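# Observations on the three-dimensional arrangement
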Amino acid sequence: MPVRKAVIPAAGLGTRFLPASKAVPKELVTVVDRPIIQYTVEELLRAGITNICIVSSPGKESLTHHFSSNAKLESALEDKGKTDLLEEVKRLQDMADIYSVMQNQPLGLGHAVWVAREHVEDEPFAVLLPDELMDPAGNLVGEMVETFDDRGACVVAVAQVPREEINLYGSIDVDDQSAETMWVNSVIEKPDPDTAPSDLALIGRYVLEPDIFDVLGKLDPGAGGEIQLTDALNVMAERGRLVAKRYRGRRWDAGTKQGFLEATVALAADHPEFGPDFRNYIRQFA
């Protein structure tokens, strides 16, 4: 069955991004000219996936509102003759089929994925964490879908990180760490750098079989007392059903202030409209 659906977990409080995320969901904070979550949706569109379920939480209804019609705004733009902006606003509501489910309790990433099970039904699906912002010029998810079709197993994206930082991620154990695509033996959440199985980190992109819901539904709370997606992935690895796809492109953790600033500067410098002027401007700080 083709991968037609995706889940975007976005129910967190965004504490790493306070105070900006106190009133505005961190996923709606703007990087250059669009909110973070729009980059995530556009990444899915590049992979041909248009059925998207956002896992939200009480008070974050504005996430789906961003992709909904706003008659008052559209009318005002039309009256003022701002046709370019009007077309951009209307494009948001037409770009994908956006749905929402609620995670009422913060029980972990695995639980956030699990609450989307009725929307996904018995289909393979992608999961994208919006904090992880990938190079818009690439198509990592599309490549992962191709790997899923080829290997017939769940696929996770990994990137090499400094070993001293592996405790910030899930880490994988594989036989050949130099390969571009590799079968995974096991997955561990935020390991100690001295005992981590590798310096290959999970980077928030997954293509999963629907069997993962059965695994998640039977898991006991793991690290932090939460239902960890990495624990479910480890079960799939033990069954010989997990493959890792190496990513070598640019990526930013836009859920941290440092990563957000780096993404803003890099993508502003690339912008086709004002990139050249911006690059000239930032040279004064070199």
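The residue numbers shown here count from 1 along each chain, following its written sequence. Only residues with pLDDT of 70 or above have their local features reported here, since the model is predicted, and side-chain atom pairs are shown and tallied only from 80 upward, although totals for entire chains, interfaces and linings are computed over all residues. Note that the side-chain values use all heavy atoms of the structure and ignore hydrogens as well as water.

### A look at the overall build of the protein chain
The cut-off we apply is this: What counts as a helix is a DSSP run of H or I of at least four residues, what counts as a strand is a run of E of at least two, and both are numbered from the N terminus. With C-alpha atoms as the basis for the radius of gyration, the globule rule is written as 2.2 Å multiplied by the number of residues raised to the power 0.38. For every residue, the accessible area (1.4 Å probe, protein chains only) is compared with the maximum for its type, and the residue is labelled buried under 20%, exposed over 50%, or partly exposed between those bounds. Here a residue-residue contact requires only that any non-hydrogen atoms of the pair lie within 4.5 Å. Charge assignment: positive for Lys and Arg, negative for Asp and Glu; neither His nor the chain ends contribute. Positions of charges follow a simple convention, taking NZ of Lys, CZ of Arg, CG of Asp or CD of Glu.
For the protein chain, the count of helices and strands is 11 helices and 13 strands. Over its C-alpha atoms the protein chain spans a radius of gyration of 19 Å, differing by no more than 12% from the 19 Å that the globule rule assigns to 286 residues. In the protein chain, which comprises 286 residues, the proportion classed as buried is 49%. Sequence-distant contacts in the protein chain: of pairs separated by 6 or more residues, those separated by 24 or more amount to 76%. Side-chain charges of the protein chain comprise 29 positive and 46 negative groups, with the mean position of each set lying 4 Å from the other.

### Here we look at the nonpolar core
Using the following cut-off: In these notes, a set of buried Ala, Val, Leu, Ile, Met, Phe, Trp, Tyr and Cys residues joined through side-chain atoms within 4.5 Å is what counts as a nonpolar core.
One finds Phe-125, Ile-172, Tyr-206, Ile-212 and Leu-233 to be the most contacted residues of the largest nonpolar core, which totals 37 residues. Here this core takes five residues from helix H9 (residues 229–238), the largest share from any one element. If we skip the residues at most four places from it in the chain, Leu-233 touches Val-156, Val-187, Leu-202, Tyr-206, Leu-208, Ile-212 and Leu-242. Residues Phe-67, Leu-128, Val-141 and Ile-203 belong to the second largest nonpolar core, which totals 30 residues.

### A few points about the layout of surface pockets
So the rule is basically this: Whether a set of points on the 1 Å grid over the protein atoms alone is a cavity depends on a 1.4 Å probe fitting there but being unable to get out, while an open set qualifies as a pocket with protein on both sides within 12 Å along at least five of seven lines; lining residues are those with an atom within 4 Å of a point. Grid points are joined across faces, edges and corners, and a volume is the space filled by probe spheres set on the points. Put simply, Ala, Val, Leu, Ile, Met, Phe, Trp, Tyr, Cys and Pro go in the nonpolar bin, Asp, Glu, Lys and Arg in the charged bin, and everything else, Gly too, in the polar bin.
Size it by volume and the second largest pocket reaches roughly 250 Å³. Lining the second largest pocket are 19 residues, with Arg-34, Tyr-39, Pro-136, Leu-267 and Asp-270 sitting closest to its centre. At the level of elements, helix H1 (36–46), strand E7 (132–134) and helix H10 (257–270) are the ones that each hand at least two residues to the lining of the second largest pocket. With five residues, H1 is the largest single contributor of residues to the lining of the second largest pocket. For the lining of the second largest pocket, the per-class residue count stands at eight nonpolar, two polar and nine charged.

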